[in-house]
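Listed below are the residues making up each chain.
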Amino acid sequence: MNKTQGLAPRSAFRRTRLARAIHWSSQLLVAGAVGWHGAGFAQEAPPAEPEQPTALEEIVVSGQRSSIQSAQMIKQSAEQIVDSIVADDIGKLPDRSVTETLQRIPGVTIDHFMSLGDPEHFSAEGSGVAVRGLTQVRSELNGRDSFTANGGRSLSFEDVPAELMAGVDVYKNPSADMIEGGLGGTVNLRTRMPFDSDGQVMAATASVNYGDFIEEADPSVSALYSNRWDTSAGEFGLLVDVAFSEISTRTDGIFNRPFFPRDDLQGYEGTTIQVPRGADWRSMDFNRERLGSYLATQWRPSDASEFYFQAFRSEYDMQWDEDAIFVQNDAYAIQPGEGKEFVVDDNNVFLSGRLTQPGGIPFGADIRVANRESVTSDFSAGYKWLPGDQLEFSTDLQYTKATTEGLDATIATGINLPYIDIDLRGERPLVQADDEYLSDPGNYYWGFTMPFIEDNEAEQFAWRADVKYNFNDTDVVRYIKTGVRLTDREATNINSGYHWQAIYQPWMAWWKLPDDQMPPVEDASQMSLNTFDNFFRGKAPSPGAVYAPHISLVEGYPESFDQLHADASENYICCDDYMPATMDDPSRINEQEEQTYAAYFLLGFGVDDWALPVDGNIGIRVVQTDSAASGMIRYPETIVVGEDGETESRPWYQDPEDIVAENSYTNVLPNLNLRVELRDDLFLRFAASKAMARPAYNQMQAFQTLSAGRPEGVPEDQYVPPEDFRLTSSSGSNPMLEPMEATQFDISLEWYFNDAGGMAHVNAFSKDIEGFIRNQTIREEHGGWDYTVTRPVNTGTADIRGVELGWSQFFDQLPEPFDGLGMQANYTYIDSSTDVPRDEGSNPVDTDGSEYGQMPFEGLSEHSYNLVGMYEKGPLSVRLAYNWRSDFLMSVGPNGFNGTDRDITWRLPVYNDDYGQMDGSIFYDITDMLSLGLEVNNILNSETRTIMKQNAAGNHYASYFLNDTRYALTLRANF
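Counting of residues starts from 1 at the beginning of each chain's written sequence and follows it residue by residue. A pLDDT threshold of at least 70 governs which residues receive local features in this predicted model, and a stricter bar of 80 or more applies before side-chain atom pairs are shown or counted, although totals over entire chains, interfaces and linings include all residues. Each side-chain value is derived from all of the structure's non-hydrogen atoms; neither hydrogens nor water enter the calculation.

Undergrad: So what exactly am I meant to see when it comes to the overall build of the protein here?
TA: By definition, any uninterrupted DSSP run of H or I lasting at least four residues is a helix, any uninterrupted run of E lasting at least two residues is a strand, and each is numbered from the N terminus. Counting secondary structure elements, the protein contains 7 helices and 51 strands. In this description the radius of gyration comes from C-alpha coordinates, and the expected globular size is given by 2.2 Å times residues to the power 0.38. Relative to its length of 975 residues, the protein is compact, with a C-alpha radius of gyration of 30 Å against a globular reference of 30 Å. Counting all 975 residues of the protein, 58% fall into the buried class. Should any heavy atoms of two residues lie within 4.5 Å, those residues are counted as being in contact. Taking the contacts inside the protein whose residues are at least 6 apart along the sequence as the reference set, 75% of them involve residues at least 24 apart. Note that accessible areas follow from Shrake-Rupley with a 1.4 Å probe, and for residues the cover is restricted to the protein chains shown. Counting every atom, the protein has about 37,300 Å² of accessible surface; 52% of that belongs to carbon and sulfur. Positive charge is attributed to Lys and Arg, negative charge to Asp and Glu, and no charge count is given to His or to the chain ends. To locate a charge, take atom NZ for lysine, CZ for arginine, CG for aspartate or CD for glutamate. One finds the centroid of the 71 positive side-chain charges in the protein at a distance of 5 Å from the centroid of its 150 negative side-chain charges. Only protein chains enter the accessibility calculation, which uses a 1.4 Å probe; a residue whose area is less than 20% of its type maximum is buried, one above 50% is exposed, and one in between is partly exposed.

Undergrad: Even after reading the chapter, I still don't get the pattern of salt bridges, so can you show me in this structure?
TA: Side chains that differ in sign of charge can pair as their charged atoms come close. A carboxyl oxygen of Asp or Glu within 4 Å of a side-chain nitrogen of Lys or Arg is what we treat as a salt bridge. Taken as a whole and judged by the stated rule, the model has 48 salt bridges. Residue D83 pairs with K75 through a salt bridge whose shortest N-O separation is 3.1 Å. In this structure, D83 and K75 share a single accessibility class: buried. Measuring nitrogen to oxygen at the nearest pair gives 2.5 Å for the salt bridge that ties R190 to D169. Of the two residues, R190 sits in strand β7 (residues 185–191) while D169 sits in strand β6 (residues 165–173), which places them 21 residues apart along the sequence. The structure contains a network of salt bridges with shared partners spanning K75, D83, R132, K172, R685, D746, E750 and E804.

Undergrad: How should I be thinking about the sheet that holds β6 in this particular structure?
TA: Within a sheet, each strand pairs with its neighbour through backbone hydrogen bonds, oriented either parallel or antiparallel. If you walk across this open sheet you meet the 5 strands as β1-β6-β7-β4-β5, and the pairing is mixed. Pairing within the sheet leaves two strands with one partner each, and these edge strands are β1 (81–86) and β5 (144–145). The criterion for strand pairing is that DSSP finds at least two bridges linking the strands in question. Of the strand pairs in this sheet, strand β4 (residues 137–141) and β5 are connected by 2 bridges, and their pairing is antiparallel. Note that in β5 the partner of L141 across the bridge is R144.

Undergrad: Would you explain helix α7 (residues 559–569) in this entry?
TA: In an α-helix, one turn spans 3.6 residues; hence positions three or four apart end up facing the same way. Turning to α7, its buried residues are S560, F561, L564, H565 and A568. Angularly, the buried residues of α7 cover 135° about the axis, an arc narrow enough to put them on a single face. Buried residues along α7 sit against β19 (391–417), β22 (445–470), β24 (501–502) and α6 (551–555). In this description, one arc is meant: the one made by directions from the helix axis to the C-beta atoms.

Undergrad: How should I be thinking about the side chain of D280 in this particular structure?
TA: With respect to the element layout, D280 can be found in strand β13 (residues 279–302). Side chain to side chain, D280 and R257 meet in a polar contact 3.1 Å long. Residues contacting D280, with those up to four places away along its chain left out, are G253, I254, F255, R257, I325, F326 and V327. Definition of a polar contact: a pair of N or O atoms within 3.5 Å, with one able to donate and the other able to accept a hydrogen when the atoms are protein atoms, and with sequence-neighbouring residues admitted only if both atoms are side-chain atoms.

Undergrad: Help me understand the packing of aromatic side chains in this model?
TA: Describing an aromatic ring pair means giving the distance of the ring centres and the angle of the ring planes. Stacked, tilted and edge-to-face are the three classes assigned to paired rings of Phe, Tyr and Trp, where Trp is represented by its six-membered ring and a pair needs centres within 6.5 Å; plane angles under 30 degrees give stacked, over 60 edge-to-face, the rest tilted. For the coordinates displayed, the defined rule picks out 34 aromatic pairs. A centroid spacing of 4.5 Å and a plane angle of 20° characterise the contact between F452 and Y498, whose relative ring orientation is stacked. Taken together, the residues span a long stretch of sequence, with F452 in strand β22 and Y498 in the loop between β23 (477–495) and β24 at a distance of 46 residues. A residue is classified by how much of its surface remains accessible, and Y498, at 49% relative accessible area, is partly exposed. Centroid distance F535 to F536: 6.1 Å. Interplanar angle 45°. Geometry classified as tilted. Taking the relative accessible area as the measure of exposure, F535 reaches 4% and is therefore buried.

Undergrad: Sorry if this is basic, but what is going on with the confidence of the model for the protein here?
TA: Interpretation of the predicted coordinates at a detailed level should be avoided for regions scoring low in pLDDT. Summarising the model, the protein shows a mean pLDDT of 88, and 92% of its residues fall at 70 or more. Of all helices and strands in the protein, the one with the weakest mean pLDDT is helix α1 (residues 10–39) (39), whereas strand β11 (residues 259–262) scores best (97). The pLDDT score gives, residue by residue, the confidence of the prediction method on a 0 to 100 scale. Across residues 1–61 the pLDDT falls below 50, and counting only partners more than four positions away or on other chains, this stretch makes 143 contacts in the model.

Undergrad: Explanation requested: the nonpolar core in the structure shown.
TA: Grouped burial of nonpolar side chains is what soluble globular proteins tend to show. Remark: nonpolar core denotes a set of buried residues (Ala, Val, Leu, Ile, Met, Phe, Trp, Tyr, Cys) joined through side-chain atoms within 4.5 Å. Core analysis: the biggest nonpolar cluster contains 76 residues, and L355, F363, W446 and Y504 have the highest contact counts within it. One finds V129, V131, V160 and M193 within the second-largest nonpolar core, a separate group that totals 28 residues.

Undergrad: Can you walk me through a nonpolar patch on the surface in this structure?
TA: Patches were defined on residues exceeding 30% relative accessible area and lacking a salt bridge, with like-charge contacts within 9 Å and nonpolar side-chain contacts (Val, Leu, Ile, Met, Phe, Trp, Tyr) within 5 Å. Among the surface-exposed residues, V208, Y210, I922, Y924, I926, L930, L932, L934, Y967, L969 and L971 lie close enough to one another that they form a single nonpolar patch of about 920 Å² accessible area. Taken together, the elements giving at least two residues each to the nonpolar patch come down to β8 (201–211), β47 (915–925), β48 (930–937) and β51 (966–974). Note on I922: relative accessible area 40%, which makes it partly exposed.

Undergrad: Just checking my understanding: could you explain the side chain of N667 for this structure?
TA: Locating N667 in the fold gives a position in strand β31 (residues 657–679). Look at N667 and you get buried, because its relative accessible area is 4%. If we ignore the near neighbours within four places in the chain, the residues touching N667 are R621, V622, V623, M692, P739 and E741.

Undergrad: Whenever I open this one, the pairing of β22 confuses me. Can you help?
TA: Every other side chain in a regular strand lies on the same face of the sheet, so the side chains alternate between the two faces. Judged by how many residues are buried, β22 sits mostly within the fold: 20 of 26 residues are covered. Sheet topology places β22 next to β24; 2 bridges connect them, and they run antiparallel. What sits directly across from F448, in β24, is A502. Taken together, the 17 bridges between β22 and β23 define a ladder with antiparallel strand orientation. Each bridged residue has a counterpart across the sheet, and for E459 the counterpart in β23 is E490. In this antiparallel pair of consecutive strands, β22 and β23, the connection spans 6 residues.

Undergrad: I keep staring at the environment of P580 and nothing clicks. Help me out?
TA: On the secondary structure map, P580 appears in the loop between α7 and β27 (589–607). For P580 and E862, which are 282 residues apart along the polypeptide, the C-alpha to C-alpha distance reads 46 Å. If we ignore the near neighbours within four places in the chain, the residues touching P580 are H499 and D562.

Undergrad: What is the right way to read the environment of I81 from this model?
TA: For I81, the position within the fold is in strand β1. C-alpha of I81 to C-alpha of I926: the two residues are 845 residues apart in sequence and 39 Å apart in space. In this structure I81 touches V170, Y171, K172, N173, N673, R685, A687, D746, S748 and N763, once residues within four positions along its chain are discounted.

Undergrad: Mind showing me how you'd approach the pairing of strand β9 (residues 216–231) here?
TA: Pairing of β8 with β9 involves 11 bridges; the strand directions are antiparallel. By the bridge assignment for β9, V208 is matched with P219. The turn joining β8 and β9, which pair antiparallel and follow one another in sequence, is formed by 4 residues; a positive phi near 60° is taken by E215. In this sheet, strand β10 (residues 234–256) lies alongside β9 in antiparallel orientation, the contact comprising 12 bridges. Paired with D230 across the strands is E235, a residue of β10.

Undergrad: Which parts of the structure should I look at to understand unusual backbone geometry?
TA: Residues apart from glycine generally show negative phi values, whereas peptide bonds are mostly found in trans. The omega angle of the peptide bond from Y557 to P558 is 5°, so this bond is cis rather than trans. Residue P817 is bonded to the preceding E816 through a cis peptide linkage, with omega at 0°. In this structure, P817 sits in the loop between β39 (797–810) and β40 (821–835). A positive phi angle is found at W510, which is not glycine, with a value near 80°. On the secondary structure map, W510 appears in the loop between β24 and β25 (527–530). Even without glycine at this site, R902 takes up a positive phi of about 55°.

Undergrad: What's the story with a negative patch on the surface in this structure? I'm lost.
TA: A surface patch of like charges, here negative, comprises D488, E490, E591 and E593. Those elements that provide at least two residues to the negative patch are β23 and β27. With relative accessibility at 40%, the residue E591 sits in the partly exposed group.

Undergrad: Sorry, what's going on with the environment of T231 here?
TA: Position of T231 among the secondary structure elements: in strand β9. The class for T231 is partly exposed, based on a relative accessible area of 40%. A sequence separation of 70 residues divides T231 from P301, and the C-alpha atoms of the two residues are 9.1 Å apart. For T231, the side chain forms a polar contact with the main-chain nitrogen of A233, separated by 3.2 Å. Within the structure, the side chain of T231 is placed 2.7 Å from the backbone oxygen of G234, a separation counted as a polar contact.

The structure is reproduced here in structure tokens:
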């Protein structure tokens, strides 16, 4: 997307994506021909992937039972502690993305927001994968690095089509030959290879996805072709896989805002009453399109050598538009209004009543439209050589490039409501206003604009070589394996920041505007009336029809934004300070480089003639990381008005300065994986390792903005001495950050009580983590002035302890037709404690200035479980899956839950409440090659809620979200 263009209509959006599917399919075929005939690379599996028994490659997955058996064999045979979902599981679980599939694995949870730190924007498909409560999860594609250019290090799993996957493996405790980078674990996405099948394979899937709230139907198609040929030059294989899908959803939200202590309410003078700032509501339509293309070629010229080439491309486009009404009032100006009883509880906390304030309660009505296009392209080639029975050599070269372009644009109207009525006594807040006043376009004024533009790019070259020597004549040392891996990565992140610019605001009165009346919108055609039809599925009455900016204004960025500000400037009596958002400013560019150099040694051992056979591996991995970041430091451009009211100065300003920061560190990561065969069907495992996770790239940017703020409540035209200004900086990044490290232990007991998918396991684990990244506030000197600077640093420790329980079984012993029943269940308990130094820049603080005790670790639920009921008999296959997790801390002081009032800078902790969701699917095999199915997500239409916790006011629901039940009618063909 061009940095300055508007948002494309959805119809054009779709046509472009379908054209790309055709284009990239042809490009991958050309790339495959070059890799096949030119370089001649081929290999069944990249050397980066941990060792797995060769026999597993020959499994033909068909049906739920075979999928479960394959996953069971991987878990039973692996040297590490691993949980898997294989091939047909991904297709038949009622999940439309890899993210949703992952939540079925023990110890893995997801959240349902666009990001963990944004509790105001729901995500229907889920995001934020955490393993054992930790979001520091390494993502791999076929055992190699893969990432999205979003400032992080991992691949956004929701960007990846599940249809392209042969399996998903989650490694809980690594071995030395696995790439470093995950504290919670490693998630490896496996694609198919042509030699996985005996001959020609063709498969196709077509679906229609329907969201019952947004009332839109969208297509989903995928196709796979694979074949292998014997020639005089050896055996060749080719596989092409393409998947395209689209999903549309609607989410309605109701928000209850923080409570503030008031001792001056009319009728309650002298008594402290906890009163909410207000309440607001939103409705968001979301559309995402995902295109995945994958090609693999293999060439095996002899039994001793093998080459391969793989190309993978994932494109993820999303667009959402939001109609929002949000409160902007002064929490300390609210008074009880006439016409409604004002009700408080026994603790003097507001329950119900009419709120008003002098001049009316300022509300905003905005239209926000955001789109993002992320592309990840991954090309790899390798060679494997087996010169004899004992020696194995492999090498692998990979190039990955990822880009993300996005525009998030908002325009808001404003309206000063005579009152709002809020009732918190029911199941959810009841919010009402004066409908007649809301429906009069003459009561609205232009409030603000806020664009956010980003253009990110990252690329990486990675090379590794591995040598393995097998000892065939010993019962103790089974093999030794060693290898090296080098990477070179560059990332460029450019964004404008959320560029909020006021048009008309109540605080402009008398100094920027001639009086306290906001100039009304002159052209009513620039607004549209939103009636919030079927709001919250009728479970909450619509608060009223609201005039908001017409969506064409938002889509007309940047011209429409510039014009709104130009028209408004004619009404200003001073200080037209509008500055368009830009990415051309060098200070907006952050460039980073990183090189890693890793070497490992791994020894595999085993003793069969002991009373209890033992095997496993022990090893060590050493990795050095060199990083460099370049950016700028920006000085305040704030103007100090002279004592005469006319002269001006900028005492803190100087030209932006370049910043170049270099960092280097070395990590030594030992590991042990031990397996004891108690019986043929009973295994005891023990694992110990040291793990590390590097900071995200957006935490290591070399960019800092210094600010000079006027004392609170002082008019803009009043003289303030320079030394009385608040000099601050919140850079949000630190290029000298080092990785978090974890010392971790696992002990697991696994019982495989039949070959038909019967398995039970219990796994206890612990993680001692050092180097948590938290904000710290310190004093720094810049340009001769002292600034209060908040930036992330490595500080504090945490202990995480937990237990995973899992059980899987088909009940073949039952009489017909119940012998097709099966059940999968798992439960995870996690207990955590943190010891993080408390800092005034990051501590939670209530609106009354009181502090909180130690906070739990973000994103960590104490309890979570999965229940999957299955039935498979003859042509019929049915699944019903329920996933639940307990409440967890999302963020401290996110948007909408932070601010400064009466010199108190407050930040409230916001939690995600308990959440459970039921999904289901039913498939029927019409013939051996054709099946028809119905998949349903969110069968129970679950409601998502967040909780804001306050000391004096108590805990209250902060938000309520309701979204679609999604249906997919799917036709599958296999030849």
